[in-house]
Amino acid sequence: MRYAGLISGGVDSAVAVHLMKEQGITPDLFYIKIGSGPEGEWDCSAEEDWEMASTVARKYGCRLDLIDLQKEYWEYVVGYIVDRLKAGLTPNSDVMCNKYIKFGVFEQRVGHEYDRVATGHYAQTETDADGNVWLTTSPDPVKDQTDFLAQLDNLGLRKIMFPIGHLLKEEVRDIAEREHLAPAHRHDSQGICFLGKIRFSELARKYLGEKEGLVVEKETGNIIGKHPGYWFFTIGQRKGLGFGGGPWYVVGKDIRRNIIYVSHGFQTQAAYGREFFVSQPNFLTLNPFAADGEYDITFKVRHTPEFTPGRLLVSRGRYKIVSAEDVQGIAPGQFACLYDAQHHRCYGSGEIAQAR
Ligand SMILES: Nc1ncnc2c1ncn2[C@@H]1O[C@H](COP(=O)(O)OP(=O)(O)OP(=O)(O)O)[C@@H](O)[C@H]1O
């Protein structure tokens, strides 16, 4: 068996390597470089991550290679983000980075030479009696990353290994301390999916520019203020609106007229919803909802520790989630991730469809 390990310079993948060594496996390690943009305009400070990865590789006698996927990252992941922002949708860079980069381009370039590829994700897999491999959640609900992995295909899932998947973050840190792994005291690495909120707005400014529009209170139609372009705002967003007299929630967008609709108050009903459609989901293994009917599920519409209970209504290939609780900020384009009622198995995810 040939083993590869994806190493980021952070604690999680360092401990993953340690645990593989404990099992007698010496993986070849790969550090993926996404660089700092086509014109070198973003400061990614990746040197430190590379240093950390090298220290771990030396300690465990592993080969370490740097794979430059800068061009592909900007083409596929950043391209997708800008596209979605322009369409008024809420993109998810972590999901797409896993799909296109770590398990997409990496697999084509390097991964295909290996039988298994290990990462430091907080997720697990299980094999049923028929030999089907399923993605299952981490015991650490705060760190669980199954939602980021839910767009992979079954081939990827069969190949992947999560050496720290059964552990809590605290346990991973303890191992790192005990083993004097250099990154033990580091913050989480930049990772390659580094595009957080700030980056999103920087990207939006660079690629889509600014275009002044109106901010309108949904209930009254009153004009509250102006904004620099609908692409800077996400449905459900509360912080960073800067309109005064808040809290305000973004509850809708009219992208044709460049209008942002907001709603006022802490408990505003307009910020919540209970029902929405999911575009054709990607099923990681089998589709457990193949027959029309109603199913008890849990789901997530964003990366939070909570799994929301609800029912999935399936009718002629259409998937509708009816939540048992109010859900804040149901944003078209964002992924709805589907789990069983015990939030043990993660079945896959699909984009939240535009309300019609
Ligand atoms: N630049 C990279 N090169 C290679 N693999 C990476 C890189 N960034 C992330 N990974 C892989 O993806 C996993 C999850 O990445 P994520 O960005 O979520 O980081 P994390 O949970 O903070 O993990 P870590 O502590 O290892 O950075 C990492 O554990 C690692 O296996």
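Residues numbered from 1 in each chain as written. Predicted model: local features only at pLDDT ≥ 70, side-chain atom pairs only at ≥ 80, totals over all residues. Heavy atoms only, no water.

Asker: Could you give an account of empty space enclosed by the protein, naming the residues involved and the relevant values?
Answerer: Here the structure, examined in full by the defined rule, presents one cavity of 30 Å³ or more. Taken together, the residues that form the lining of the largest cavity break down as four nonpolar, three polar and three charged. (1 Å grid on protein atoms, 1.4 Å probe; cavity = no way out; pocket = protein on both sides within 12 Å on 5 of 7 lines; lining within 4 Å. Points joined across faces, edges and corners; volume = space filled by probe spheres on them. Nonpolar A, V, L, I, M, F, W, Y, C, P; charged D, E, K, R; others polar.)

Asker: Give a description of the packing of aromatic side chains that names residues and reports values.
Answerer: Geometrically, a pair of aromatic rings is defined through the distance of the ring centres and the angle of the planes. Overall, the coordinates contain 14 aromatic pairs when judged by the stated rule. Aromatic pair F30 and Y114: ring centres 5.7 Å apart, planes at 75°, arrangement edge-to-face. Pair noted here: F30 is in strand β2 (residues 28-33) and Y114 is in the loop between α4 (93-109) and β4 (116-118), with a separation of 84 residues, a long-range link. Its relative accessible area of 4% is what places Y114 among the buried residues. An angle of 90° between the planes, with centres 5.4 Å apart, marks the rings of F289 and Y347 as edge-to-face. Taken together, the residues span a long stretch of sequence, with F289 in the loop between β13 (282-283) and β14 (293-300) and Y347 in strand β18 (residues 345-351) at a distance of 58 residues. Cation over ring: K206 sits above Y207, and NZ or CZ is 5.6 Å from the ring centre. (Phe/Tyr/Trp six-rings, centres within 6.5 Å; stacked < 30°, edge-to-face > 60°. Helix = DSSP H or I, 4+ residues; strand = E, 2+ residues; numbered from the N terminus. Buried < 20%, exposed > 50% of the residue type's maximum accessible area, 1.4 Å probe, protein only. Lys NZ or Arg CZ within 6 Å of the ring centre and 35° of its normal.)

Asker: Now, about the pairing of β2: what can you tell me, with residues and values included?
Answerer: In terms of residue burial, β2 counts as a mostly covered element, since five of its six residues are buried. Examined bridge by bridge, strand β1 (residues 3-6) and β2 share three bridges and lie parallel to one another. By the bridge assignment, L6 is partnered in β2 with F30. On the question of chirality, the crossover connecting β1 to the parallel β2 by way of helix α1 (residues 11-22) is right-handed. (Pairing = 2+ DSSP bridges. Right-handed = clockwise from strand over helix to strand, strands pointing away.)

Asker: Give a description of the sheet that holds β1 that names residues and reports values.
Answerer: One open sheet accounts for five strands, arranged β3-β2-β1-β4-β7; its pairing is parallel. Strands at the two margins of the open sheet, each flanked by one partner only, are β3 (64-68) and β7 (160-161). Here α1 sits on the sheet and contacts β1, β2, β4 and β7; the angle it forms with β1, its principal contact strand, is near 155°. Sitting on the sheet, α4 touches β1, β2, β3, β4 and β7, and the angle it makes with β2 is about 115°. (Contact = heavy atoms within 4.5 Å. Axes fitted to C-alpha atoms, helices over the stretch in contact; angles between N-to-C directions.)

Asker: Mind laying out α4, listing which residues take part and the relevant values?
Answerer: Given a rise of 1.5 Å per residue, 17 residues ought to cover 24 Å, yet the end C-alpha atoms of α4 are separated by just 21 Å, more than 12% below that figure. All buried positions along α4 are accounted for by S93, V95, M96, C97, N98, I101, K102, F103, G104, V105 and F106. Near the N-terminus of α4, the side chain that reaches the backbone nitrogen of D94, with its oxygen 3.1 Å away, is that of N92. (Expected span 1.5 Å × (residues − 1). Polar contact = N/O pair within 3.5 Å; in protein donor to acceptor, adjacent residues only side chain to side chain.)

Asker: Talk me through the nonpolar core; I want residue IDs and the actual numbers.
Answerer: Most often, soluble globular proteins keep nonpolar side chains buried together rather than apart. Counting residues in each nonpolar core, the largest one holds 41 residues, and the members touching the most others are F30, Y73, I101 and F106. Elements represented by at least two residues in this core include exactly β1, β2, α3 (70-86), α4, α8 (197-208), β10 (248-254) and β11 (259-264). The residue makeup of this core includes at least three contributed by each of domain 1 (3-120 + 163-198) and domain 2 (210-266). Ranked by size, the runner-up nonpolar core spans 22 residues in total, among them V11, L19, L29 and L181. (Core = buried A, V, L, I, M, F, W, Y, C linked by side-chain atoms within 4.5 Å. Domains from an automatic or database assignment.)

Asker: So, the sheet that holds strand β8 (residues 213-217): which residues are in play, and what are the values?
Answerer: Here we have four strands laid out as an open sheet, ordered β9-β8-β11-β10, and mixed in their pairing. Of all the strands in the sheet, the pair left with one neighbour each is β9 (223-227) and β10. Ignoring strand direction, the axes of neighbouring strands in this sheet form an average angle of 30°. Two strands pair when backbone bridges link them, and β8 and β11 are joined in this way by four bridges, in the parallel orientation.

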